[in-house]
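Residue strings, one per chain:
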Amino acid sequence: MTARATWYLGVDLGGTKVSVSLWSESPGGAPARAGVERWETLPGGPGPNVERIAAAAGRLLGAAGTGGKAPQPAAIGISGGGPLDPERGVILSVPNLPGWVDVPIARILSERLGVTAWIENDANACAVAEWLHGAGRGVRDLAFLTFSTGIGAGLILGGRLHRGARCLAGEAGHQVIVPDGLPCGCGNRGCLEAYASGAGMARRLAPLRERDPSLPSTAKEVVERARAGDRFSRDFLRETAEYLAMGLANLVYIADVERIVLGTIAAAAGDLLLAPLREALARRLWPPFRRGLEVLPSALWPELGDHAALAVARDLPGLVGR
Ligand SMILES: [Zn+2]
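Conventions adopted
Numbering of residues starts from 1 in each chain and follows the order in which that chain's sequence is written. Predicted model: local features are reported for residues with pLDDT of at least 70 only, side-chain atom pairs are reported and counted for 80 or more only, and whole-chain, interface and lining totals are derived from all residues. Excluded from the side-chain calculation are hydrogens and water; included are all heavy atoms of the structure. A donor here means any N, O or S atom no more than 2.8 Å from the metal (3.2 Å for Na, K and Ca); water is not included, so a site may seem to lack partners. Square planar and octahedral sites, with four and six donors, are those where opposite donors lie more than 155 degrees apart and all other angles lie between 65 and 115, tetrahedral sites have four donors with every angle between 85 and 135 degrees, and the rest are irregular. The helix count covers DSSP runs of H or I at least four residues long, the strand count covers runs of E at least two residues long, and both are numbered beginning at the N terminus. The pairing test for Phe, Tyr and Trp rings, Trp by its six-membered ring, is centres within 6.5 Å, and the orientation test on the planes gives stacked under 30 degrees, edge-to-face over 60, and tilted for anything in between. For the purposes of this section, nonpolar cores are sets of buried Ala, Val, Leu, Ile, Met, Phe, Trp, Tyr and Cys residues that join through side-chain atoms within 4.5 Å. Partly exposed describes any residue whose relative accessible area lies between the buried limit of under 20% and the exposed limit of over 50%, with all areas from a 1.4 Å probe on protein chains only and scaled to the type maximum. Strand pairing requires that DSSP identify at least two bridges connecting the strands.

A.B. asks: Just checking my understanding: could you explain the coordination of the zinc ion for this structure?
C.D. replies: The reference angle at a metal is 109.5 degrees if four donors form a tetrahedron and 90 or 180 degrees if six donors form an octahedron. On the protein side, the zinc ion has His174 (ND1), Cys184 (SG), Cys186 (SG) and Cys191 (SG) as donor atoms, found 2.0 to 2.4 Å from it. Geometry at the zinc ion is tetrahedral, judged from its four donor atoms and the angles of 104 to 120° they form at the metal. One chain supplies every donor to the zinc ion, and in sequence these donors are spaced H-x9-C-x1-C-x4-C. Here the residue histidine 174 occupies a position in the loop between strand S10 (160-162) and helix H4 (192-196), and cysteine 184 occupies one in the loop between S10 and H4, the gap between them amounting to ten residues.

Encoded structure:
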């Protein structure tokens, strides 16, 4: 590493996991991850996690230093799950995590570490990372779908990140696909997320397991068993693809994107999910919308969360005019 490298800190802040990564970028080269620390999100609200983030950042920078001198990062990027206000740097809430309400995380971490900090919704951050460095390269109209416990979309429209009037655009997981359907964590019923997300898949599995306890109980188990050839799990992924296709067809009809990139579960399941998804989507879309439409897994997964946090520090300031 030369002294001319630029350094960035990334914080991927989720409801279940926190990851702090340090990146260096030499002139003319691509950013490389110099170190990472991860843990399960600590209980007790933001306090204990902020302490641990600051300590982890200090350790990573110390380990990267030469001659006893730690590098000075250009910026910290925070990619956060749940609704947040990127203009004020405030987390409004984190799904399933009590105590995380109106947390000015950018200011807190900026003061603790003496570095400018930016925050962005994780779906937007992932969309930018995939668009510039992953499976979204080369298009101007892209939808990225986070697809793990919950579902959210990041939209690149006309070559720009579309944040919306309140920076809340892309809550695609909460479009209703079944009137008065299964309850969703958001309080509504019949949301896409209540059927097709990791949490939704577990909810659909629960009543089936009451009759047959040998069935899988989580999305992860379904994917593992489907890969091993299990008939039930393959059919269950096909059914999940039908639900997903409803939501994605709505997105395509509204935004006319040319590529859809899907995160975690799709990246893990590959064509066991994506093949029936492409087929179901084609059935739902008018022919002109199908032309050139691509549905791809994340190219940056399983390191996508760290790449997304890096994109918030490195790429987003230029994209949103900071
Ligand atoms: Zn919902």
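There's plenty left to go through after this.
A.B. asks: What am I meant to see in the packing of aromatic side chains here?
C.D. replies: Centre distance and the angle of the planes are the two values used to describe a pair of aromatic rings. For the coordinates displayed, the defined rule picks out five aromatic pairs. When the ring of phenylalanine 232 is compared with that of phenylalanine 236, the centres are 5.9 Å apart and the planes differ by 25°; the resulting orientation is stacked. With a gap of four residues between them, phenylalanine 232 and phenylalanine 236 both fall in helix H7 (residues 231-255), about one helical turn apart. An aromatic cluster is present here, built from Tyr253, Trp286 and Phe289 joined pairwise through their rings.

A.B. asks: So what exactly am I meant to see when it comes to the nonpolar core here?
C.D. replies: Inside soluble globular proteins, nonpolar side chains tend to come together where they are buried. Counting residues in each nonpolar core, the largest one holds 46 residues, and the members touching the most others are Leu145, Leu244, Ile260, Leu262 and Leu277. Ranked by residue count, the leading element in this core is H7, at eleven residues. Ranked by size, the runner-up nonpolar core spans 29 residues in total, among them Val20, Leu22, Leu60 and Ile119.

A.B. asks: Where do I start with the pairing of strand S3 (residues 32-40) in this structure?
C.D. replies: Two faces belong to every sheet, and in a regular strand the side chains alternate between them. Where strand S2 (residues 17-25) lies against S3, eight bridges are found, and the strand directions are antiparallel. Considered in S3, the bridge of valine 18 is made with tryptophan 39. Hairpin remark: S2 followed by S3, antiparallel, with six residues in the connecting loop; positive phi at glycine 28, about 80°.

A.B. asks: Explain the pairing of strand S9 (residues 151-157) to me, please; I cannot follow it from the model alone.
C.D. replies: In terms of burial, S9 is a largely internal element, six of the seven residues being buried. Looking at chain direction, strand S8 (residues 142-147) and S9 are connected through six bridges and run antiparallel. Across the sheet, phenylalanine 147 pairs through a bridge with isoleucine 151, a residue of S9. In sequence, S8 turns back onto S9 through a hairpin of three residues. In this structure, S9 lies alongside S10, joined through three bridges in antiparallel fashion. Residue isoleucine 156 lies in a different strand from S10, and its bridge partner there is leucine 161. Between S9 and the antiparallel strand that follows it, S10, lie two residues; glycine 158 among them carries a positive phi value of about 60°.

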